[in-house]
Amino acid sequence: MLDSEIGASAARTAPAPPGEAPPRNRRGRRRVLMGGAVVLVVGAAAAVYALQNRAEPPPAVVSTLPTVPVERTDMVSVREVDGTLGYAGTYTVLGAKGRITWLPEAGDVIRRGDRVYGKDGVTVPLFYGATPFWRDLQQGRTGRDVLQLERNLEALGYGKYVTVDRTFTWATAQAVKAWQDDVNLPETGVFTLDTAVVQPGAIRVTDVKGLLGGDAGGTVLTASGLGRTVTVDLPVNDQGLAEKGAEVRVTLPGGKATTGHITSIGTVATAGATNAKSQTGEGTENATIPVSITLDKASSAGRLDSAPATVGFSSTVHEDVLVVPVNALLASGEGAYSVNVRDSSGAVRSVPVELGIFDGDKVEVKGDLEPGMNVEVART
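Because the structure is predicted, anything quoted here is derived from the model rather than measured. (Residues numbered from 1 in each chain as written. Predicted model: local features only at pLDDT ≥ 70, side-chain atom pairs only at ≥ 80, totals over all residues. Heavy atoms only, no water.)

(A) Up close: the overall build of the protein chain. Looking only at helices and strands, the protein chain has five helices and 20 strands in total. Looking at the protein chain as a whole, 31% of its 380 residues are labelled buried. Long-range contacts, defined as pairs at least 24 residues apart, comprise 65% of the intrachain contacts of the protein chain with a sequence gap of at least 6. Surface summary for the protein chain: the accessible area is close to 23300 Å², and the carbon and sulfur share equals 53%. (Helix = DSSP H or I, 4+ residues; strand = E, 2+ residues; numbered from the N terminus. Buried < 20%, exposed > 50% of the residue type's maximum accessible area, 1.4 Å probe, protein only. Contact = heavy atoms within 4.5 Å. Areas by Shrake-Rupley, 256 points an atom, 1.4 Å probe, with all protein chains shown as cover.)

(B) Focus on the environment of His318. Residue position: His318 is located in strand 15 (residues 307-325). Counting along the chain gives 244 residues from His318 to Asp74, while the straight-line C-alpha distance between them is 5.7 Å. The residues contacting His318, other than those within four sequence positions of it, are Thr73, Asp74, Met75, Ile357 and Glu364. Side-chain polar atoms of His318 contact the side chain of Glu364, separated by 2.8 Å. (Polar contact = N/O pair within 3.5 Å; in protein donor to acceptor, adjacent residues only side chain to side chain.)

(C) Focus on the confidence of the model for the protein chain. Confidence in the prediction for the protein chain averages 85 pLDDT; 81% of positions are at 70 or higher. Within the protein chain, the lowest mean pLDDT, 42, falls on helix 1 (residues 3-13), and the highest, 98, falls on helix 3 (residues 144-155). This model gives residues 1-52 a pLDDT under 50, and the stretch forms three contacts once residues within four places in sequence are excluded. (pLDDT = per-residue confidence, 0-100.)

(D) The nonpolar core, seen in detail. Val230, Val232, Leu234, Val250, Ile293, Val311 and Phe313 are the most contacted members of the largest nonpolar core, which totals 19 residues. Looking at this core, the elements with two or more residues in it are strand 2 (71-87), strand 11 (228-235), strand 12 (247-252), strand 14 (288-295) and strand 15. Listed in part, the 17 residues of the second largest apolar core include Phe127, Tyr158, Ala175 and Val176. (Core = buried A, V, L, I, M, F, W, Y, C linked by side-chain atoms within 4.5 Å.)

(E) Seen up close, the sheet that holds strand 6 (residues 115-119). Spatially, 4-6-7-8 is the arrangement adopted by the four strands of the open sheet, whose pairing is mixed. The sheet is open, and its two borders are formed by strand 4 (100-102) and strand 8 (197-199), each paired with just one other strand. Pairwise comparison of adjacent strand axes, ignoring direction, gives a mean angle of 35 degrees for this sheet. For strand 6 and strand 7 (residues 122-128), the ladder comprises four bridges, and the chain directions are antiparallel. Within the sheet, the bridge partner assigned to Lys119 lies in strand 7 and is Val122. (Pairing = 2+ DSSP bridges. Axes fitted to C-alpha atoms, helices over the stretch in contact; angles between N-to-C directions.)

(F) A look at the sheet that holds strand 10 (residues 219-224). If you walk across this open sheet you meet the four strands as 3-10-9-5, and the pairing is antiparallel. Strands at the two margins of the open sheet, each flanked by one partner only, are strand 3 (91-94) and strand 5 (109-110). Where strand 5 and strand 9 (residues 203-208) come together, two bridges link them in antiparallel fashion. When the bridges of strand 9 are listed, Val109 appears paired with Arg204.

(G) Molecular detail of unusual backbone geometry. The phi dihedral of Asn184 is positive, around 60 degrees, even though this residue is not glycine. Within the secondary structure layout, Asn184 lies in the loop between helix 4 (170-182) and strand 8. According to the relative accessible area criterion, Asn184 is exposed, its value standing at 68%.

(H) The arrangement of helix 4 in detail. Here helix 4 is 13 residues long and its end C-alpha atoms lie 19 Å apart, about the 18 Å a rise of 1.5 Å per residue gives. Here helix 4 has its buried residues at Ala171, Thr172, Ala173, Ala175, Val176, Trp179 and Gln180. Looking at the buried side of helix 4, the elements it contacts are strand 7 and helix 3. Positive backbone phi, approximately 60 degrees, marks Asn184, located one or two places after helix 4. (Expected span 1.5 Å × (residues − 1).)

(I) Seen up close, the pattern of salt bridges. Tallying each qualifying case throughout the model produces eight salt bridges. With a closest N to O distance of 2.6 Å, Arg135 and Asp145 form a salt bridge. With Arg135 in the loop between strand 7 and helix 3 and Asp145 in helix 3, this residue pair connects regions lying ten residues apart in the sequence. Relative accessible area serves as the criterion here: at 3%, Asp145 is assigned to the buried category. Across the salt bridge formed by Asp305 and Arg204, the nearest N and O atoms sit 2.8 Å from each other. (Salt bridge = Lys/Arg side-chain N within 4 Å of Asp/Glu carboxyl O.)

See below:
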């Protein structure tokens with residue numbers, strides 16, 4: 001080996017002077033120091049973030065659901081049964097001997113004094129009463145038919161000088177003459193039995209039986225009353241729900257709700273519908289009785305002649321109970337329910353409740369609640 005090569009090798013392997021690190025080791029230490037600085041910076045940032053989090057907690061979530069106050073009231077359980085809307089009563093109008101010269105149309109409403117039909121060119125009007133006239137009435141007659149005539153004359157404006165009683169007087173005869181003049185009848189003062197049609201009240205024509213030019217001596221037309229009724233076939237097992245005069249709720253097409261009163265309850269049961277697959281005795285188990293309900297406001301049925309309807313019969317009454325809307329209930333599993341109560345600060349807490357009876361869109365509840373508390377309800 002050459003001396004120059006040996007010298008160079010010795011120079012590369014010679015130890016560093018005391019107190020001086022080799023150059024490669026100095027670079028490694030710089031890396032360690034820089035790494036430590038990065039750790040310190042990251043740690044400081046984390047500490048600042050943690051302090052900021054402790055000083056400024058995230059904003060609380062505020063519920064925006066609407067609320068409804070808890071109520072204390074009486075609740076009624078309702079049993080709903082389907083029925084049919086129609087008109088009250090069925091009447092048959094019989095004509096007198098002669099030729100029919102005018103007829104109404106189905107749907108026409110006829111009130112006291114209005115023409116029911118025309119006979120031999122003369123108007124035959126409607127009078128109100130319980131019994132058809134069975135004899136001619138003239139001065140000197142007495143009886144309930146005279147009273148019926150005088151009541152109608154008075155209602156039509158001809159009773160100014162008439163004493164409404166059971167006696168046909170001279171004043172009654174004058175009133176009859178005045179009425180005869182107005183309806184183009186001979187002014188005889190005698191009221192003949194076929195002069196007017198008698199019905200309990202105003203009627204609505206349901207079907208015209210007579211023919212123009214035909215004999216009037218038969219059924220001229222059929223009619224109903226003006227009252228609106230709902231007929232329900234109530235299961236015999238539920239007949240205890242029906243009491244004459246009791247108020248019921250009625251729901252008509254379009255969800256329109258109104259009230260009515262029970263006017264009649266049938267006493268003859270009809271077997272329920274069966275088919276070839278029905279079991280023996282099924283018709284007896286499903287037997288029904290007819291129940292008629294008169295609407296409190298006939299106008300609530302609008303122009304519907306006939307339509308399906310639902311009648312709600314009251315069955316159970318719970319007095320002085322807590323009530324919330326049905327859409328406030330929250331199912332919490334296994335048939336359990338709760339409601340969310342929101343206080344004045346906006347805080348919401350869940351309150352378990354036990355359910356009682358339902359009444360429309362409200363429900364009876366039992367739980368840690370007081371009247372006036374606000375419960376959240378679902379948006380509609």
